[in-house]
Amino acid sequence: MGVDAPRPAPSPADRTSAAFLIDEALGFLFPAALRAAAAAGVADHLADGARTPAELAAATGTDGPSLHRVLRLLATRGVVSQEAGGRFGLTPAGDALRSDAPASARAAILMITDRTFWLPAGEMHRCLTDGTSAFEDVFGRPFFEHFARDAATAAVFHDGMAAMSDAENQPIAAAGDFPEKGTVVDVGGGHGGFLAEVLRHRPGLHGVLYDAPHVLAGHRLARDEALTGRWSVAEGDFFTEVPPGDVHLLKRILHDWRDDQCVTLLRNCRRALAPGGRILVVDAVVPEDSDPHQAKALDLLMMASLVGRERTEADFRALFGAAGLRLARIVPTPTVLDIVEAVPQEATD
């Protein structure tokens, strides 16, 4: 059909497809509204009951009519409830939007919807044409280099990652097969939330939190007196070396990096393992089917802003093989993440 040829009249199925796709394209406005509510701290002012947009606006220093429009959209997805008298209330599903919720998602929402992820996602077509991250085109430098130069943005990232981890650390630690005694090294362990849960789960373990100096400055291990004397911190670059240990943890680390970089890191861990040691990679394992899975969305976030990706079981087997390791087993957890266990190739079960 030539470019100037008239289009056939659309069928009902054509119209249904167009309406569906347009509605999907508008979907980006929901996380935008969620971010606006999180940034304004709206949920904190709904903890004691429903309020009108005018009351919430006065409490949060926002514009009432604009806030009403944001809340109206959030109500369509069950984050808030739209009640009689024009009031809005916080639902059980939206409760983690509170900054003081036991598993608050507020910092994680502010991180995920931060411009460091939002803007490259809008330039995702660059990834398709160039085969590389869009981040450097947008910000002028690679992801982690940008954070190293921008303390405020780095704080948003590390606080957000800590918030994501707080909701998943305990069930993952409970699902993991950790030894009763020995040294566990959390490689790139951030503020230490996961390591703390592992140490609580196994009172005979000693932990080493390993990361860059500016990250370790915000660690939280000293907050728990029950862990006193059972942990230490070590500064360094995991692409150069890692501290020795019986177990090396890599939680949400490999997905940040290219395959060759992951192989370098895994080889460093392998060299530092004690005899009989294991490497526990805690990452999402992407299913090969077409069913919905959060890892498939996270994979596009990785593609747009970083250089890594979420990986399938076959991907992990290939990475481990290149690093002189083999995949021993995959342990599911109650979270979106799995524990992918690697051992040296010469090790026996």
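Keep in mind that this is a model prediction, so the values were computed, not measured.

Student: Explain the sheet that holds strand 4 (residues 205-211) to me, please; I cannot follow it from the model alone.
Tutor: The strands that make up a sheet pair up through hydrogen bonds in the backbone, lying either parallel or antiparallel. Judged by pairing direction, the sheet is mixed, and its seven strands sit side by side in the order 5-4-3-6-7-9-8 without closing on themselves. Of all the strands in the sheet, just strand 5 (231-235) and strand 8 (325-332) have a single pairing partner and so form its edges. Averaged over neighbouring strand pairs, the angle between their axes works out to 25 degrees when direction is ignored. With five bridges joining them, strand 4 and strand 5 adopt parallel strand pairing. Looking at strand 5, one finds that Tyr210 is bridged to Ala234.

Student: Just to check I follow, could you spell out the side chain of Lys251 for this structure?
Tutor: One can find Lys251 in strand 6 (residues 245-251). Residues within four places of Lys251 in sequence aside, it is in contact with Ser165, Glu168, Asn169, Ile172, Phe194, Val282 and Leu337.

Student: Hey, could you run me through the packing of helix 10 (residues 151-175) against helix 11 (residues 193-201) in this one?
Tutor: Any two packed helices are characterised by the angle at which their axes cross and by the distance between the axes. Between helix 10 and helix 11, the least distance of the axes is 9 Å, while the angle of their chain directions is 45 degrees. Judged on the interaxial angle alone, helix 11 and helix 10 are oblique. In terms of crossing hand, the pair formed by helix 10 and helix 11 is right-handed. Facing helix 10, whose interface residues are Asn169, Gln170, Ile172, Ala173 and Ala174, helix 11 presents Gly193, Phe194, Glu197, Val198 and His201. Across the contact of helix 10 with helix 11, the residue classes break down as five nonpolar, four polar and one charged.

Student: Explain the nonpolar core to me, please; I cannot follow it from the model alone.
Tutor: In a soluble, globular protein the nonpolar side chains are often hidden away together inside. Counting residues in hydrophobic clusters, the biggest one holds 29 residues, and the most contacted among them are Val187, Leu250, Leu265, Leu266, Ile279 and Phe320. Broken down by element, this core gets its largest block of residues, six residues, from helix 13 (residues 259-272). In contact with Phe320, not counting residues within four places along its chain, are Leu266, Val281, Leu325, Arg326, Leu327, Val340, Glu341, Ala342 and Gln345. In terms of nonpolar packing, the next biggest core, distinct from the first, is built from 25 residues, Ala173, Leu205, Leu227 and Leu280 among them.

Student: Sorry, what's going on with the pairing of strand 9 (residues 338-344) here?
Tutor: Consecutive side chains along a regular strand alternate between the two faces of the sheet. Counting buried residues in strand 9 gives seven out of seven residues, a clear majority hidden from the surface. As paired elements, strand 7 (residues 273-283) and strand 9 share five bridges and run antiparallel to each other. Bridged to Leu280 within strand 9 is Glu341. Taken together, the seven bridges between strand 8 and strand 9 define a ladder with antiparallel strand orientation. In the sheet register, Leu327 faces strand 9, and the bridge partner there is Ala342. As consecutive antiparallel partners, strand 8 and strand 9 are separated by five residues.

Student: What am I meant to see in the pattern of salt bridges here?
Tutor: In this structure the tally under the stated criterion is 23 salt bridges. Of the charged contacts, one joins Arg329 and Asp177 as a salt bridge, the two residues approaching to 2.6 Å between their closest N and O atoms. Here the residue Arg329 occupies a position in strand 8, and Asp177 occupies one in the loop between helix 10 and strand 3 (182-187), the gap between them amounting to 152 residues. The class of Arg329 is partly exposed, set by a relative accessible area of 34%. Between Arg329 and Glu341 there is a salt bridge, with its nearest N and O atoms 2.9 Å apart. Linking Arg329 in strand 8 with Glu341 in strand 9, this pair joins segments that are twelve residues apart in sequence. Note on Glu341: relative accessible area 7%, which makes it buried.

Thresholds applied
- Residues numbered from 1 in each chain as written.
- Predicted model: local features only at pLDDT ≥ 70, side-chain atom pairs only at ≥ 80, totals over all residues.
- Heavy atoms only, no water.
- Pairing = 2+ DSSP bridges.
- Helix = DSSP H or I, 4+ residues; strand = E, 2+ residues; numbered from the N terminus.
- Axes fitted to C-alpha atoms, helices over the stretch in contact; angles between N-to-C directions.
- Contact = heavy atoms within 4.5 Å.
- Parallel < 35°, antiparallel > 145°, perpendicular 65-115°, else oblique.
- Left-handed = near helix turned anticlockwise from the far one by under 90°.
- Nonpolar A, V, L, I, M, F, W, Y, C, P; charged D, E, K, R; others polar.
- Core = buried A, V, L, I, M, F, W, Y, C linked by side-chain atoms within 4.5 Å.
- Buried < 20%, exposed > 50% of the residue type's maximum accessible area, 1.4 Å probe, protein only.
- Salt bridge = Lys/Arg side-chain N within 4 Å of Asp/Glu carboxyl O.

Just distances and angles here, no functional claims.
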